[in-house]
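# Residue-level structure breakdown
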Amino acid sequence: VFHLHPPGSLPLLPIRSPHSGSRIRCHDRAVLLYEYVGKRIVDLQHTEVPDAYRGRGIAKHLAKAALDFVVEEDLKAHLTCWYIQKYVKENPLPQYLERLQP
């Protein structure tokens, strides 16, 4: 599990996906919803930043932390989250691209 606390911002919280299919709402924390879908495959499903903190690059920190975790742990990643897909397109680092699952 990764934790990231950029200076002067709210805590970022990775959260495993609930099996109920319901969305998690955190009004005071930025979250990354993820789920292991295979032995070494993680699905990065959703990022959410409270309205009061949007526009400060917090989702970018979440995306980077998640992808760096995938690299460090030598995992594969499926990107359900549109924002993380966008982040990878804007930051097409080889270490990210080689770990993506269709």
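Heads up: these notes are all about the structure in this document. Keep in mind that what you see is a predicted model, and the values were worked out from it rather than measured.

Parameters at a glance
Residues numbered from 1 in each chain as written. Predicted model: local features only at pLDDT ≥ 70, side-chain atom pairs only at ≥ 80, totals over all residues. Heavy atoms only, no water. Salt bridge = Lys/Arg side-chain N within 4 Å of Asp/Glu carboxyl O. Helix = DSSP H or I, 4+ residues; strand = E, 2+ residues; numbered from the N terminus. Buried < 20%, exposed > 50% of the residue type's maximum accessible area, 1.4 Å probe, protein only. Axes fitted to C-alpha atoms, helices over the stretch in contact; angles between N-to-C directions. Parallel < 35°, antiparallel > 145°, perpendicular 65-115°, else oblique. Contact = heavy atoms within 4.5 Å. Nonpolar A, V, L, I, M, F, W, Y, C, P; charged D, E, K, R; others polar. 1 Å grid on protein atoms, 1.4 Å probe; cavity = no way out; pocket = protein on both sides within 12 Å on 5 of 7 lines; lining within 4 Å. Points joined across faces, edges and corners; volume = space filled by probe spheres on them.

## What about the pattern of salt bridges?
Taken as a whole, this structure holds 5 salt bridges when the rule is applied. The partner of Asp74 in a salt bridge is Arg99, and the shortest N-O contact between them spans 3.6 Å. Note that Asp74 is positioned in the loop between α1 (58-72) and β4 (76-79) and Arg99 in the loop between α3 (94-97) and β5 (100-101), a separation of 25 residues in sequence. Residue Arg99 pairs with Glu98 through a salt bridge whose shortest N-O separation is 2.9 Å. Arg99 gets classed as buried once you look at its relative accessible area, which sits at 13%. One network of salt bridges, in which partners are shared, links Asp74, Glu98 and Arg99.

## Regarding the packing of α1 against helix α2 (residues 82-90)
Across the interface, α1 lies against α2 with an axial gap of 10 Å and an inter-helix angle of 75 degrees. On the basis of the axis angle, α1 is roughly perpendicular to α2. Contacts between α1 and α2 involve Ala59, Lys60, Ala63, Lys64 and Leu67 from the former and Tyr83, Ile84, Tyr87 and Val88 from the latter. Taken together, the residues of the contact of α1 with α2 sort by class into 7 nonpolar, no polar and 2 charged.

## Digging into the layout of surface pockets
Here the largest pocket is characterised by a volume of approximately 260 Å³. Lining the largest pocket are 15 residues, with Thr47, Val49, Arg54, Ala59 and Tyr83 positioned closest to its centre. Secondary structure elements with two or more residues in the lining of the largest pocket: β3 (41-48), α1 and α2. Considering only residue class, the lining of the largest pocket consists of 7 nonpolar, 4 polar and 4 charged.

Geometric values such as these leave the question of function open.
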